[in-house]
Each structure stands twice: as structure tokens, then as C-alpha cells.
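Single-letter residue listing:
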Amino acid sequence: MRLEGQVALVTGGSRGIGKGIVEAFVKEGAKVAFVYNSSKEAADVIVSELSANGEVFAIQADVKSKEAAQKAVDEVLEKWERIDILVNNAGIIRDGLLATMDEDDWCSVIDTNLNSVYNFTQSVMRPMMSQRSGRIINMSSVASEMGNQGQTNYAASKGGINGFTKCLAAEVGRRNITVNAIAPGFIETDMTEAVRNAAEGEIKKAIALRRLGKPEDIASTAVFLASSDASYITGQVIEVDGGLTLGGI
Amino acid sequence: MPTQDEIFKVVQETLEDALGVDDDEVTMDATLQGDLGAESIDFLDILFRLEKGFDIKIPRGELFPENLARADSSFVQDGKVTESGIAQLREKMPHADVDKLAENPAVANIADLFTVRMMVNFLNHKLNG
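Residues numbered from 1 in each chain as written. Chains lettered and ligands numbered in written order. Predicted model: local features only at pLDDT ≥ 70, side-chain atom pairs only at ≥ 80, totals over all residues. Heavy atoms only, no water.

1. Here's the deal with the overall build of chain A
This is how the line gets drawn: Note on conventions: DSSP H or I runs of at least 4 residues are helices, E runs of at least 2 residues are strands, and numbering of each starts at the N terminus. C-alpha atoms define the radius of gyration in this analysis, and the globule rule sets the expected value at 2.2 Å times the number of residues to the power 0.38. Each residue gets one of three labels from its accessible area relative to the maximum for its type: buried under 20%, exposed over 50%, partly exposed in between, using a 1.4 Å probe on protein chains only. Two residues qualify as a contact provided that any one of their heavy atoms is within 4.5 Å of a heavy atom in the partner residue. Computed with the Shrake-Rupley method and a 1.4 Å probe, the accessible areas treat only the protein chains shown as cover for residues. Asp and Glu count as negative and Lys and Arg as positive, but His and the ends of the chain are not part of the count. Charged groups are reduced to one reference atom each: NZ for lysine, CZ for arginine, CG for aspartic acid, CD for glutamic acid.
Counting its secondary structure elements, chain A contains eight helices and seven strands. The C-alpha radius of gyration computed for chain A amounts to 17 Å, which stays within 12% of the reference 18 Å derived for 249 residues, consistent with globular compactness. The buried share among the 249 residues of chain A stands at 50%. A fraction of 73% describes how many contacts in chain A between residues 6 or more apart in sequence connect residues 24 or more apart. Accessible surface computed for chain A: about 11600 Å², of which carbon and sulfur atoms make up 49%. Separation between the mean location of the 25 positive side-chain charges and that of the 32 negative ones in chain A comes to 5 Å.

2. Some details on the interface of chain B and chain A
Which entries qualify depends on this criterion: Put simply, buried area is the surface a 1.4 Å probe can reach on two separate parts but cannot reach once they are joined, added for both. Between Lys or Arg on one side and Asp or Glu on the other, a salt bridge is scored when a side-chain nitrogen of the former is within 4 Å of a carboxyl oxygen of the latter. A 3.5 Å cut-off defines polar contacts: any pair of N or O atoms within that distance qualifies, except that in protein one atom must be a possible hydrogen donor and the other a possible acceptor, and neighbouring residues in sequence count only when both atoms are side-chain atoms.
Listed per partner, the contact involves 12 residues of chain B and eight residues of chain A. Summing both sides of the interface, chain B and chain A together bury roughly 910 Å²; the carbon and sulfur share of this comes to 45%. When residues of chain B are sorted by the area they lose upon contact with chain A, Ile 41, Asp 45 and Phe 48 of chain B head the list and together hold 55% of the total. Our count for the chain B to chain A interface comes out at six salt bridges. Residues Arg 126 of chain A and Glu 51 of chain B are paired through a salt bridge, measuring 2.8 Å at the closest nitrogen-oxygen approach. Put simply, chain B and chain A have eight residue pairs in polar contact (both at pLDDT 80 or more) between them. Among the elements of the structure, helix H1 (4-19) and helix H2 (40-54) of chain B are those that each provide at least two residues to the side of chain B that touches chain A.

3. Here's the deal with helix H3 (residues 66-80) of chain A
The cut-off we apply is this: What a helix is expected to span follows from its residue count: subtract one and scale by 1.5 Å.
For H3 of chain A, with 15 residues, the first-to-last C-alpha span of 21 Å sits near the 21 Å given by 1.5 Å per residue. If you follow the buried residues of H3 of chain A, they end up packed against strand S1 (7-11), strand S2 (31-36), strand S3 (56-60) and helix H4 (103-131) of chain A.

4. Focus on the confidence of the model for chain B
Going by this rule: Scored from 0 to 100, pLDDT records how confident the predictor is in each individual residue.
Summarising the model, chain B shows a mean pLDDT of 92, and 98% of its residues fall at 70 or more. As a predicted assembly, this complex carries a pTM of 0.89 together with an ipTM value of 0.73.

5. What about the sheet that holds S2 of chain A?
Residue and element names in this part refer to chain A. Definition in use: Pairing between two strands is assigned when DSSP locates at least 2 bridges connecting them. Axis definition: a line fitted to C-alpha atoms, limited for helices to the stretch in contact. Angles are taken between N-to-C directions and run from 0 to 180 degrees.
In spatial order, the strands read S3-S2-S1-S4-S5-S6-S7; together these seven strands make up an open sheet with parallel pairing. Each end of this open sheet is capped by a strand with a single partner; those strands are S3 and strand S7 (237-240). Going across the sheet, the axis of each strand differs from the next one's by a mean of 20 degrees, ignoring polarity. As paired strands, S2 and S3 are joined by five bridges and run parallel to one another. Counterpart to Phe 34 in the pairing with S3 is Ala 58.

6. Structural notes on the pairing of S1 of chain A
Residues and elements named next belong to chain A. The condition is simple: Convention used here: a crossover is right-handed provided that the path from the first strand, over the helix, to the second strand proceeds clockwise when the strands point away from the viewer.
The element S1 is extensively covered by neighbouring structure, given that five of its five residues are classed as buried. Because side chains alternate across S1, one face comprises the buried residues Val 7, Leu 9 and Thr 11, and the other comprises Ala 8 and Val 10, equally buried. Taken together, the five bridges between S1 and S2 define a ladder with parallel strand orientation. If you follow Val 7 over to S2, its bridge partner there is Lys 31. With helix H1 (residues 16-27) bridging S1 and its parallel neighbour S2, the resulting β-α-β unit is right-handed. As judged from the three bridges shared by S1 and strand S4 (residues 85-88), these two strands associate in the parallel manner. Within S4, the residue paired with Val 10 across the bridge is Val 87.

7. Side note on the nonpolar core
To keep it simple, the criterion reads: We define the nonpolar core as a collection of buried residues of types Ala, Val, Leu, Ile, Met, Phe, Trp, Tyr and Cys that are connected through side-chain atoms lying within 4.5 Å of one another.
Within the largest apolar cluster, 41 residues are counted, with the highest numbers of intra-cluster contacts made by Leu 15, Leu 32, Phe 64 and Val 116 of chain B. For this core, the secondary structure elements donating two or more residues are H1, H2, helix H3 (83-92), helix H4 (98-103) and helix H5 (116-128) of chain B. With residues near it in sequence (within four places) discarded, Leu 15 of chain B still touches Gly 20, Val 21, Val 26, Leu 32, Leu 36, Ile 46, Val 116 and Met 119 of chain B. Listed in part, the 32 residues of the second largest apolar core include Ala 8, Ala 24, Ala 30 and Phe 34 of chain A.

8. What to know about the packing of aromatic side chains
Rules: Each pair of aromatic rings taken from Phe, Tyr and Trp, with Trp reduced to its six-membered ring, is defined by centres within 6.5 Å and is described as stacked if the planes are under 30 degrees apart, edge-to-face if over 60, and tilted in the remaining cases. In our convention, an over-ring charge means Lys NZ or Arg CZ found within 6 Å of a ring centre and within 35 degrees of that ring's normal.
Overall, the coordinates contain four aromatic pairs over all chains when judged by the stated rule. An aromatic cluster of three or more residues is present, and its members are Phe 43, Phe 64 and Phe 114 of chain B. In this structure, Lys 66 of chain A packs its charged tip against the face of Tyr 118 of chain A, placed 5.8 Å from the ring centre. Against the face of Phe 57 of chain A rests Lys 79 of chain A, its NZ or CZ located 5.3 Å from the ring centre.

9. Some remarks on the pattern of salt bridges
Following the criterion strictly, the structure yields 20 salt bridges over all chains and no others. In this structure, Arg 175 of chain A engages Asp 45 of chain B in a salt bridge whose closest nitrogen and oxygen atoms are separated by 2.7 Å. Of this pair, Arg 175 of chain A sits in the loop between helix H6 (152-172) and strand S6 (177-184) while Asp 45 of chain B sits in helix H2, on two different chains. Of the charged contacts, one joins Asp 99 of chain B and Arg 90 of chain B as a salt bridge, the two residues approaching to 2.6 Å between their closest N and O atoms. Assessed through its relative accessible area of 46%, Asp 99 of chain B is described here as partly exposed.

What follows is the structure, encoded as C-alpha cells:
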């Protein structure tokens with residue numbers, strides 16, 4: 001098992017990619033706490049399913065709140081006394097053309113996707129610096145590079161994450177903390193359901209591997225980045241998109 | 001209440017751990033950046049360790065004020081800290097040897113205000129009043 005005994009905190013862990021990461025981390029021997037916002041039922045199911053094979057617990061928190069983030073981190077520290085891996089995965093979409101985008105749709109995406117990364121990462125700085133080790137994995141998106149119509153808010157939040165990832169990697173490298181981002185392409189989750197329903201055929205044509213990704217594809221990358229195999233990788237945004245962004249013809 | 005020697009010992013151990021330096025390098029006159037090689041992230045680490053070591057809270061900017069050498073003509077002119085700048089530094093860093101900086105107020109010398117002695121004096125004041 002590649003993450004034996006490691007303590008991980010995953011935000012947005014009750015659904016989609018986050019859920020896949022929680023499952024993969026537990027399978028690899030990590031003790032996992034995950035944060036969910038509203039999906040209590042889903043969170044309870046995950047805890048009950050995974051508890052047979054490992055240690056896992058769920059924390060309800062609004063990732064937009066710095067105070068809630070600190071509380072969640074404190075809860076993990078109280079229980080397991082360290083945090084080795086933070087996965088900033090929580091994210092939402094509120095697509096719409098900028099010309100008519102409500103301020104609330106802009107702010108809620110930036111707050112949930114980007115400000116949450118600040119909230120949780122700052123909260124784990126102290127324990128990770130004391131430990132002289134840590135892995136921070138931020139969930140970006142190929143949308144940060146692609147220029148999709150209707151995603152100014154989402155792309156801005158993910159582009160922000162890319163910059164954050166590189167700057168923080170430079171800041172904390174000498175404390176043996178790595179900071180990387182994963183930029184998924186089209187992954188089969190609730191978040192992409194509407195787009196998939198409207199244009200799955202077209203989307204697949206744009207992907208070199210001619211299939212949509214699964215949460216497991218992202219989870220395996222997260223496991224790799226969290227494991228000792230990736231100890232010399234930092235400040236990178238790794239595209240896991242089946243070749244969607246190759247851009248060739 | 002810890003004595004100055006006891007405080008120095010804790011500071012010495014803190015700096016050994018945080019900066020990976022030897023105890024004989026951590027003298028009272030050693031500068032954190034020039035002599036001990038501290039970088040900006042180290043100051044945060046040192047702060048965390050001191051808070052833990054002494055079981056105190058040190059408000060941000062109190063021990064290690066940030067952005068001292070700002071590009072402001074009232075603070076710095078022609079690469080030198082102005083008299084007004086020196087006065088501001090005395091206020092912000094009452095435990096540092098600002099007199100020494102005043103003798104040669106080159107901006108680059110501001111970093112030398114951060115010495116082991118400054119830390120010990122700060123902590124002595126903080127812990128013993």
C-alpha cells in the first residue's frame with residue numbers, strides 16, 4: 001500500500017472526483033478525513049462502506065469559511081495528530097456568459113473553488129511545516145487553459161489555483177512540502193452531466209483517447225502525487241484529460 | 001519566569017531545528033539572514049516554534065515586522081533609510097539595534113536588525129514584562 005499510515009484531508013469528498021480520491025486513499029492505507037457541504041447521506045454511505053477497510057471520517061463544513069476550514073483541520077489533528085496530505089478538491093460550476101453573469105454566480109465559484117484553497121492550505125501550513133513534510137494537491141481543470149464559453153468564473157478560479165500552486169511550491173519547498181495541481185479533462189461526474197448529455201459525442205471526438213475520464217483516473221494521479229514516488233515533483237499542473245488539450249487536428 | 005540564558009537556550013534550539021545550523025553558529029550577535037541563512041518562510045517556521053516552545057501567542061508582525069524596506073520616499077531615499085525611516089524602525093523594532101543601522105543606514109543593512117539578540121530581548125520583554 002502506497003499511503004500506509006498517512007493522514008489525508010480531502011475537501012469535496014462525498015461526490016465525484018473527491019469521492020474517488022477518498023476511496024483510493026483508503027485503499028492505499030491512508031487514514032482519511034473528508035469534508036462535505038450538504039451531501040450528508042452520501043457522506044454517511046462512504047464512511048460506512050470504507051470503514052470496514054480503513055479509517056475514515058466525514059466533516060461537514062462550508063469550505064468558503066476560513067474558520068470552518070481551521071476547525072476541520074483542528075479536528076483531524078486532534079484525532080490523528082498530523083496531516084500528511086491535503087487535497088483541495090471542493091468545487092462547483094455556475095456557467096453563464098459573463099455579460100449576464102450574476103455577481104453571486106461569480107463570487108460563489110471563486111469562493112468555493114479558489115478561496116477554499118487558501119482557507120484549507122493556510123490551515124495546514126503550521127502542522128506540515130512542523131512535520132517537515134507534506135503533500136498538497138489542488139484540483140485544477142483543463143478549463144483554466146481552454147477558453148470555454150460560459151466559464152469565465154470557473155476558469156478564473158482554476159487559473160488562480162495554477163498560479164497558487166506554483167507560488168506556494170516555491171515558498172514551502174525547503175520544508176519538504178510539495179504542492180501540485182491536477183487538471184482533469186471531462187470526467188464522468190455529476191458536475192459534467194449536463195454538458196455530457198448535450199454533447200457527449202462531440203466531446204469524445206475532441207479527446208485523443210476517445211473516452212471520457214472516470215474519477216478513478218484522477219484518483220490514481222492523486223495517489224501518485226501523494227506517494228513517495230512523486231517526492232521530487234512540485235509546482236506542477238498535471239493534465240489528466242485523455243489528450244483533450246493536445247489541440248491537434 | 002525564564003531567565004535570559006534560558007530564553008537564549010530555547011532560541012538557540014529553535015534556530016538549530018528551523019535552520020539546520022549548529023549551536024555554535026547561534027551567537028547573540030548572529031544575524032538570521034546573513035549569518036544563519038534564514039529565508040522568508042523560515043521566519044514563519046521560527047515563529048511557530050517559539051510559540052510552541054514558550055506556549056505563547058506572538059501576533060503577526062510583532063517579532064518579525066514585514067515589508068520594512070518599502071519604496072516610500074519618507075522611509076528610503078537614494079538607497080538609504082531616512083531619519084524618519086530610522087524613527088519608524090525604532091518604533092516597530094524596539095528590541096533591535098537600530099543605532100547600529102543608523103550609523104550606516106543602507107537599505108540592505110535592514111536585514112541585519114534581525115539578530116538572535118533581538119529575538120532574545122523581544123522574548124525576555126514578552127515573557128517577563
